[in-house]
Amino acid sequence: TREQVLLNNQFSNLERLPSLNSVKAIHSDSLNNRLLHLYLQQAKALGINLVFGPEAEAFSRAKNLADPNAFSTQQLTMLERIARFNDAGILSFATGFSDFDLLKADSLTLKDDRFIPYKDMVYGGIGGFEIAPKLYGRDSLEWLDANYLNLYFQKSMHFDGLKVGILDSTAILYQQLHAGVDLILVKDNPLKIQHQLYDALEKRRLDKAEIDLKVRKILKAKYWQNQLQPKTEISQQTEKVMVIQASLEENPEPEPEPSAEETAEEKILDHFQSPLWEGVAKTMFEDALILASNRNDLLPFTYTYKRPFRLIHYGEKPLVKFKSTFARYANFFSENEIVQPEDALPALKKHRSNRWTHIITLDNFNLREEKDGAFIRSVLDLAATEKLVLINFGEEENLRFFDTTLTVIQIFDRDRMTESLAAQLLFGGVQARGKLPYTINEFFKEGTGINTEVIRLRFGLPEEVGISPEKLVSIDAIAKTAIDNRVMPGCQDLVAKNGNVVYSKSFGHHTYR
């Protein structure tokens, strides 16, 4: 699996959980420990014994800038994850090894510090490295001897573990083997690849002794796993481990014992399809909201009556849930720029009045100076004279073009849930508690994040305050029956508990006319 938070996101029909960057933004050791414990339970029940991650680039980006000789918090978390996987007999493969320059002859020394993050992961017990296709698919590498990847890893890092390649085209099969890849993962038609290997061995295009060494290395890895993993069937494992702690609280309520008649497969299905996961996702998304800059304490907005808000959105699709949640707090004027990620963003248009409060939302854009320079400069110019909030969904590197002269919110994932939370954060319905997991520039460094207070009602789920959603359904019927019987022309019903609005609907009209 390539999932690094929980295995729920591996299934397309389940509630989506936050991405790894969102989890890193939460900066909670207790949460990380509980997530990792649950991850290992899920992997054990599903029989997963190979995990891709962490990313080498992410490990390098998370370095400790204050003390280059010490590990950062993020790096320690990744190394602890590798160690926990090893204890459970799960192989972890670092991804993202793609630096061509490291393979040049004059780079096979200890002088090039770009290999240091890889070396640190080797010392941490990483099981292998996934090799990017471009490292064995370039004609410029033909001059290198066979198994040049082994030479690099052995000389630079004293690593003789597995090197893994992903085969998405039969044209690069022999290039992978020539490079020194030990294990090839085939996406489709494995029998065809198997026949090609037999044919290559018969024609002596491949060295049988080298193939034997690769097979021996793989068998050693499997033997290592078998020594660590308990000798139980998957059905027996699930009876012990599939107890969901969906609230992920410090002291969660115990779950009811599963029925004795349930099969192992039914227990797994119950675990992943539990309705509690929606609350888990919302809690995690909320804790990951980052207020990276808050110029003149602009947020949360303290007054809204007749305040002119201007929403300016750049994205492939409109932010429907963001606008509907925003409308619960205040009126607004909206401008949508439906643009593709590769399009250049136009410069902002200035209004004659400087009374506007501007809310700019970027939906998964990768800003570039040469393409989007006019837009970037117009944002900075407008922020110098007017109230402006930039909400950046997705690519955190966009923040490198900005500073603290404007108010900035960073949210790594964009869906209906995070759209709603972004709007509530503006008005103090929810708190900002997240921290930047990486250093972007001198203004936005790792750990940057301003905490805010709740000053208004929050819109949440009934389950979050102990109310069953089924009990709220009857409100619709009561309101519609009353209107049909002309008891009233219309009504607005709201249910709130502990500062959380869990039901809010309008029925009918103001008058009978």
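Structure: see above.
Residues numbered from 1 in each chain as written. Predicted model: local features only at pLDDT ≥ 70, side-chain atom pairs only at ≥ 80, totals over all residues. Heavy atoms only, no water.

Considerations on empty space enclosed by the protein
Where empty space is left becomes clear once a probe the size of a water molecule has been rolled over the atoms. Worth spelling out the cut-off: Here a cavity denotes a set of grid points, spaced 1 Å apart and computed over the protein atoms alone, in which a 1.4 Å probe fits but from which it cannot get out, and a pocket denotes an open set meeting protein on both sides within 12 Å along at least five of seven lines; residues with an atom within 4 Å of a point are reported as lining. Grid points are joined across faces, edges and corners, and a volume is the space filled by probe spheres set on the points. A helix here means a DSSP run of H or I that spans at least four residues, while a strand means a run of E at least two residues long, and both kinds are numbered starting from the N terminus. Gly is placed with the polar residues, together with every amino acid not listed as nonpolar (Ala, Val, Leu, Ile, Met, Phe, Trp, Tyr, Cys and Pro) or charged (Asp, Glu, Lys and Arg).
Enumeration over the complete set of coordinates arrives at 3 cavities of 30 Å³ or more. Looking at the largest cavity, the residues that line it are L311, I312, H313, L319, F322, K323, S334, E335, N336, I359 and T361. Breaking the lining of the largest cavity down by element, the ones donating at least two residues are strand 7 (309-315), helix 13 (320-327), strand 8 (333-338) and strand 9 (357-363). Partitioning the lining of the largest cavity into residue classes produces 5 nonpolar, 4 polar and 2 charged. Taken as a whole, the second largest cavity encloses approximately 40 Å³ of empty space. Sorting the residues of the lining of the second largest cavity by element identifies strand 1 (50-55) and helix 4 (73-87) as the ones contributing at least two each. Residues belonging to the lining of the second largest cavity are distributed by class as follows: 6 nonpolar, 3 polar and 1 charged.

Quick word on helix 11 (residues 264-272)
What counts here: Working definition: with a 1.4 Å probe on protein chains only, accessible area under 20% of the residue-type maximum means buried, over 50% means exposed, and in between means partly exposed. The directions considered for the arc are those from the helix axis to the C-beta atoms.
Of all the residues in helix 11, the buried ones are A264, K267, I268, H271 and F272. Within helix 11, the buried residues cover an arc of 125° as seen down the axis, which keeps them to one side.

Description of unusual backbone geometry
A cis amide bond links G53 with the next residue in sequence, P54, at an omega value of 5°. That bond from L299 to P300 is cis: its omega, -5°, falls within 30 degrees of zero. Looking at the element boundaries, P300 is found in the loop between strand 6 (290-293) and strand 7. A positive phi angle, close to 55°, is found at N498, a residue other than glycine.

Quick look at the pairing of strand 9
The following threshold applies: Only strands joined by at least two bridges in the DSSP assignment are considered to pair.
Burial analysis of strand 9 places 7 of its 7 residues in the buried class, which makes it a mostly covered element. Because side chains alternate across strand 9, one face comprises the buried residues T357, I359, T361 and D363, and the other comprises H358, I360 and L362, equally buried. Bridge analysis of strand 7 against strand 9 gives 6 bridges, and the strand direction is parallel. Counterpart to H313 in the pairing with strand 9 is T361. Note that strand 9 and strand 10 (residues 387-393) share 7 bridges and pair parallel. When the bridges of strand 10 are listed, T361 appears paired with I391.

Quick word on the sheet that holds strand 4 (residues 162-167)
Note the threshold: To get an axis, a line is fitted to the C-alpha atoms, and for a helix only the part in contact is used. The angle between two axes follows their N-to-C directions and goes from 0 to 180 degrees.
The strand order across the open sheet formed by 5 strands is 1-2-3-4-5, and the pairing between neighbours is parallel. Strands with a single pairing partner mark the edges of an open sheet, and in this sheet they are strand 1 and strand 5 (183-186). Sheet twist, expressed as the average angle between the axes of neighbouring strands with direction ignored, equals 35°. Pairing geometry for strand 4 and strand 5, over 4 bridges, is parallel. Bridge pairing in strand 5 places I166 opposite L185.

Structural notes on the environment of A292
For A292, the location among the structural elements is in strand 6. Using a relative accessible area of 4% as the deciding quantity, one classes A292 as buried. Taking the C-alpha atoms as reference points, A292 and L399, separated by 107 residues in sequence, lie 9.4 Å from one another.

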